[in-house]
Amino acid sequence: MRIKQGIVAATLAAAVLAVGSAPAHAIPPPPPGGDNLTVLSYYAGDTIVGQRWFGCSQSGQWGTQDGQLKVTWTPC
């Protein structure tokens, strides 16, 4: 019985470590090279409800910053 508990505990520990070490994919890295305008777009379903942007010596926003976030980059 002790051996089974040890195997189960080791398996669970390995699974927790594997899941915890997985990279986050919430916001992808920007494309390499040069300056980029970072645009944060907020959506409610398929409708865009707001944006924030920064980079290329400019920044601004409009609308609301609620909803599903999509990040894009545009070269300057």
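Up top you'll find the structure we're talking about.
A quick note: this is a predicted structure, and the numbers were derived from the prediction, not measured.

**Let's talk about the environment of C56**
- Position of C56 relative to the elements: it lies in the loop between β2 (47-55) and β3 (58-63).
- Residue class for C56 comes out partly exposed when judged on its relative accessible area of 25%.
- It is 6.3 Å that separates the C-alpha atoms of C56 and N36, two residues lying 20 residues apart in sequence.
- Discounting residues that sit within four places of it in the chain, C56 has contacts with N36, L37 and C76.

**Describing the environment of S57**
- Residue position: S57 is located in the loop between β2 and β3.
- Taking relative accessible area as the criterion, S57 reaches 83% and is therefore assigned exposed.
- As for S57 and L37, which are separated by 20 residues in sequence, their C-alpha atoms are 8.8 Å apart.

Rules of the game
Residues numbered from 1 in each chain as written. Predicted model: local features only at pLDDT ≥ 70, side-chain atom pairs only at ≥ 80, totals over all residues. Heavy atoms only, no water. Helix = DSSP H or I, 4+ residues; strand = E, 2+ residues; numbered from the N terminus. Buried < 20%, exposed > 50% of the residue type's maximum accessible area, 1.4 Å probe, protein only. Contact = heavy atoms within 4.5 Å.

Functional significance is not addressed by these values, which are geometric in nature.
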